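Summary of structural features
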Amino acid sequence: MDCDAFYASVEKRDNPALQGSPLIVGGGRRGVVTTACYQARIFGVRSAMPMFQARKLCPQATIVPPRMEAYVEASRQIRSLMDKLTPAIEPLSLDEAFLDLTGTARLHKAPPVVLLAKLANRIQADIGITISVGLSHNKFLAKIASDLDKPRGMALIGKAQTREFLKGKPVGILGGVGPAMQHSLARNGIRTIDDLLRFSAKELTARYGSIGLRLYDLSRGKDSQKISAQTKVKSISHETTFEVDTADPDTLDGHLWRLSVQTADRAKAQEKVGKVIVLKLKTSDFRSLSRRLTIDTPTNHADTIYTIANRLLQNALPHAPFRLLGTGLMELSAQSSAPPIPDLLDSEAPKRQSIESATDSIRRKFGKKSIQKGRALK
Ligand code: TTP
Ligand code: MG
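Thresholds applied
- Residues numbered from 1 in each chain as written.
- Chains lettered and ligands numbered in written order.
- Predicted model: local features only at pLDDT ≥ 70, side-chain atom pairs only at ≥ 80, totals over all residues.
- Heavy atoms only, no water.
- Buried < 20%, exposed > 50% of the residue type's maximum accessible area, 1.4 Å probe, protein only.
- Helix = DSSP H or I, 4+ residues; strand = E, 2+ residues; numbered from the N terminus.
- Phe/Tyr/Trp six-rings, centres within 6.5 Å; stacked < 30°, edge-to-face > 60°.
- Lys NZ or Arg CZ within 6 Å of the ring centre and 35° of its normal.
- pLDDT = per-residue confidence, 0-100.
- Contact = heavy atoms within 4.5 Å.
- Patch = residues over 30% accessible without salt bridge, like charges linked within 9 Å, V, L, I, M, F, W, Y side chains within 5 Å.
- Areas by Shrake-Rupley, 256 points an atom, 1.4 Å probe, with all protein chains shown as cover.
- Salt bridge = Lys/Arg side-chain N within 4 Å of Asp/Glu carboxyl O.
- Near = heavy atom within 4 Å.
- Polar contact = N/O pair within 3.5 Å; in protein donor to acceptor, adjacent residues only side chain to side chain.
- Nonpolar A, V, L, I, M, F, W, Y, C, P; charged D, E, K, R; others polar.
- Expected span 1.5 Å × (residues − 1).
- Axes fitted to C-alpha atoms, helices over the stretch in contact; angles between N-to-C directions.
- Left-handed = near helix turned anticlockwise from the far one by under 90°.

We now examine helix α1 (residues 6-14). Of all nine residues that make up α1, seven are buried, and the element is covered over most of its length. Here α1 has its buried residues at Phe6, Tyr7, Ala8, Ser9, Val10, Glu11 and Lys12.

Spelled out as structure tokens, the structure:
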């Protein structure tokens, strides 16, 4: 299940004046769109778009800054409703999770599709936002299905429909096949699922290693990955492979921020904090580099992850150009309900704002350096 225009939906719920007109959540230091409601999307506004472009496309939109604490709270409430359906839940981010409903029909005396429709109604009634659901016989198909019918969607890909569904689809719909992989596949004439079907497992493995074998399975609608409940998680990370290797500090910095936000978002969804911040790099000659730093206060704040990963990146720049960049958190522990607030922020942060947005405002007020001083770096 995946919430519809999550941050924007929470904002509209909390401020009825925003309802019925285009809304963009974002801005701040980076000046990009975090998310846009579906009305704003009609005008072409998208996540990660520069704000000046979004304003041009949709001048009538209201723009509000993110309020992370409200989203974390909504995410927790959604989680507690999902907990009633199954113990096998794997959150992917604040607004998205896999639920394994195998064997729950007998317990709840209703098939998964009914349970999920009830869940969607319940979330709308109790929490005031809408979700979209994808139901299928494995994870990668369920994820695809969750996007098919958005917003307020309910899409099902049954076993018997799987081959027909995948026919003619671009390889980009497969999980993990990003722009770089698409490019590499296209060089071998593979653009659609049908193109993949022409190759044997052996051929794909020879060309692409273990990913090749996974592509062989996915193109046949097979995915044996289990839904892993959060107890097993040892580290939380996000990485990206560039379409073209890069040494450009601005490009790397942009990706680093985005990856830090994604890592933080995933950690928050799992209510985890990490003591070790990791930067992962792959050079253009395929060497893997990993840099890490232990901090005093375990965190799941994007800003802290970014600040530290950025330091690590600066030291690693002599190894550029890079083909892959990633950020991660390790040595995870459970996030206590009231996370300790660093001293610097304690006196400055407005009560209602989240620590994240407080960090941003402190930065804006006192400059980039101030935040590094406030963090107890080892
Ligand atoms: P998504 O589920 O990707 O997007 P969404 O919920 O806004 O819209 P959709 O209906 O298409 O699912 O992401 C969930 C939230 O994560 C989103 O509301 C804002 C945040 N987010 C970012 O902060 N940066 C990003 O680049 C993206 C894509 C999302
Ligand atoms: Mg969503």
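Continuing now.
Taken as a whole, this structure holds four aromatic pairs when the rule is applied. An angle of 55° between the planes, with centres 6.0 Å apart, marks the rings of Phe6 and Tyr7 as tilted. An aromatic cluster of three or more residues is present, and its members are Phe6, Tyr7 and Tyr71. Over the aromatic face of Tyr216 sits the side chain of Arg220, whose NZ or CZ is 3.7 Å from the ring centroid.

Considering every residue of the protein chain, the mean pLDDT works out to 88; 87% of them sit at 70 or more. Overall, residues 339-353 carries pLDDT values under 50, and its contacts beyond four positions in sequence, including any with other chains, amount to 22 contacts. Confidence drops under pLDDT 50 across residues 367-378; counting only partners more than four residues distant or on other chains, this segment forms 27 contacts.

Glancing now at a nonpolar patch on the surface. On the surface, Val113, Val114, Met154 and Leu156 cluster together to form a nonpolar patch covering roughly 280 Å² of accessible area. Residue assignment for the nonpolar patch shows that the elements contributing at least two residues are α6 (112-127) and β8 (154-157). Inspection of the secondary structure assignment puts Met154 in strand β8. The partly exposed category is assigned to Met154, whose relative accessible area is 31%.

Close to ligand 1 lie 13 residues; Ala5, Thr35, Tyr38, Arg41 and Asp95 are nearest. Ala5 is positioned with one of its backbone polar atoms (N or O) 2.9 Å from an oxygen atom of ligand 1. In the model, an oxygen atom of ligand 1 is placed 3.0 Å from a nitrogen or oxygen of the Phe6 main chain. Starting from 550 Å² of accessible surface for ligand 1 in isolation, the protein chains cover 76%. The set of elements that each furnish at least two residues to the shell around ligand 1 consists of β1 (2-3), α1, β3 (32-36) and α2 (38-42). Tallied by class, the residues present in the shell around ligand 1 amount to five nonpolar, three polar and five charged.

Take helix α14 (residues 302-316) next. Taking 1.5 Å as the rise per residue, α14 with 15 residues should run 21 Å; its terminal C-alpha atoms sit 20 Å apart, in good agreement. Most of α14 sits out of view: 12 of its 15 residues are buried. Listed as buried for α14 are Ala302, Asp303, Thr304, Ile305, Tyr306, Thr307, Ile308, Ala309, Asn310, Leu312, Leu313 and Ala316.

Take the packing of helix α11 (residues 201-208) against helix α12 (residues 210-219) next. The contact between α11 and α12 brings their axes to 6 Å, and the two run at 145°. Pair α11 / α12 crosses with right-handed handedness. Across from Ala201, Leu204, Thr205 and Tyr208 in α11, the residues of α12 making contact are Ser210, Ile211, Gly212, Leu213 and Tyr216. Residue composition of the contact of α11 with α12, by class: six nonpolar, three polar and no charged.

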